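Below are the chains, spelled out letter by letter.
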Amino acid sequence: MFTPCMLTSARYRVQLDFFPEKVSVRALDRHDIAGARTRVTQIFVVQFERERQPHQVFCDQHGWYCAEHGPHCRAVPEVTARYAPPDA
């Protein structure tokens, strides 16, 4: 699916982003949030500039996911790009 902002040619596709959205990613203490016996290994809060509500992104035995939107939330790649180990 192409948006009107996409330039296409036979070789490449580039989406122009004239006003990129600012994204804030903040790590939280997993024991403070989920308790001492939690299986969660990491917890982050992701705030997008154009959204009111922050996203809580967790990593546990099931992988990375947003508490409200699941593993396909756009906040998950924002966290994994910054904090996930390369072999994850």
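As shown above, the structure is provided for reference.
So, a few notes on the structure that sits alongside this text.

Each value, and the rule that gives it
- Residues numbered from 1 in each chain as written.
- Predicted model: local features only at pLDDT ≥ 70, side-chain atom pairs only at ≥ 80, totals over all residues.
- Heavy atoms only, no water.
- Buried < 20%, exposed > 50% of the residue type's maximum accessible area, 1.4 Å probe, protein only.
- Helix = DSSP H or I, 4+ residues; strand = E, 2+ residues; numbered from the N terminus.
- Arc of directions from axis to C-beta.
- Contact = heavy atoms within 4.5 Å.
- Pairing = 2+ DSSP bridges.
- Phe/Tyr/Trp six-rings, centres within 6.5 Å; stacked < 30°, edge-to-face > 60°.
- Lys NZ or Arg CZ within 6 Å of the ring centre and 35° of its normal.

**Considerations on helix H2 (residues 75-83)**
Of the residues making up H2, those classed as buried are Ala75, Val76 and Val79. Summarising the axial view, the buried residues of H2 lie within an arc of 100°, below the 170-degree limit, and thus occupy one face. Against the buried residues of H2 lie strand S3 (23-28), strand S4 (42-48), strand S5 (55-60) and strand S6 (63-66).

**Digging into the pairing of S4**
Among the 7 residues that make up S4, 5 are buried, leaving the element largely enclosed by the rest of the structure. Judged from the 6 bridges that link them, S3 and S4 form a sheet pairing that is antiparallel. Residue pairing across strands places Ala27 opposite Phe44, the latter belonging to S4. The pairing of S4 with S5 spans 5 bridges and is antiparallel. Across the sheet, Phe44 pairs through a bridge with Val57, a residue of S5. Counted along the chain from S4 to the antiparallel partner S5, the turn is 6 residues long.

**Considering the packing of aromatic side chains**
Summed over all chains, the structure comprises 3 aromatic pairs. Centre to centre, the rings of Phe44 and Trp64 are 6.0 Å apart; their planes meet at 35°, and the pair counts as tilted. Of this pair, Phe44 sits in strand S4 while Trp64 sits in strand S6; the two residues are 20 residues apart in sequence, bridging distant segments of the chain. The pair formed by Phe44 and Trp64 is uniform in burial state, with each residue classed as buried. Taken together through their ring pairs, the aromatic side chains of Phe44, Trp64 and Tyr83 make up a single cluster. Across the ring face of Phe48, the terminal group of Arg74 is positioned such that the distance to the ring centre comes to 3.7 Å.

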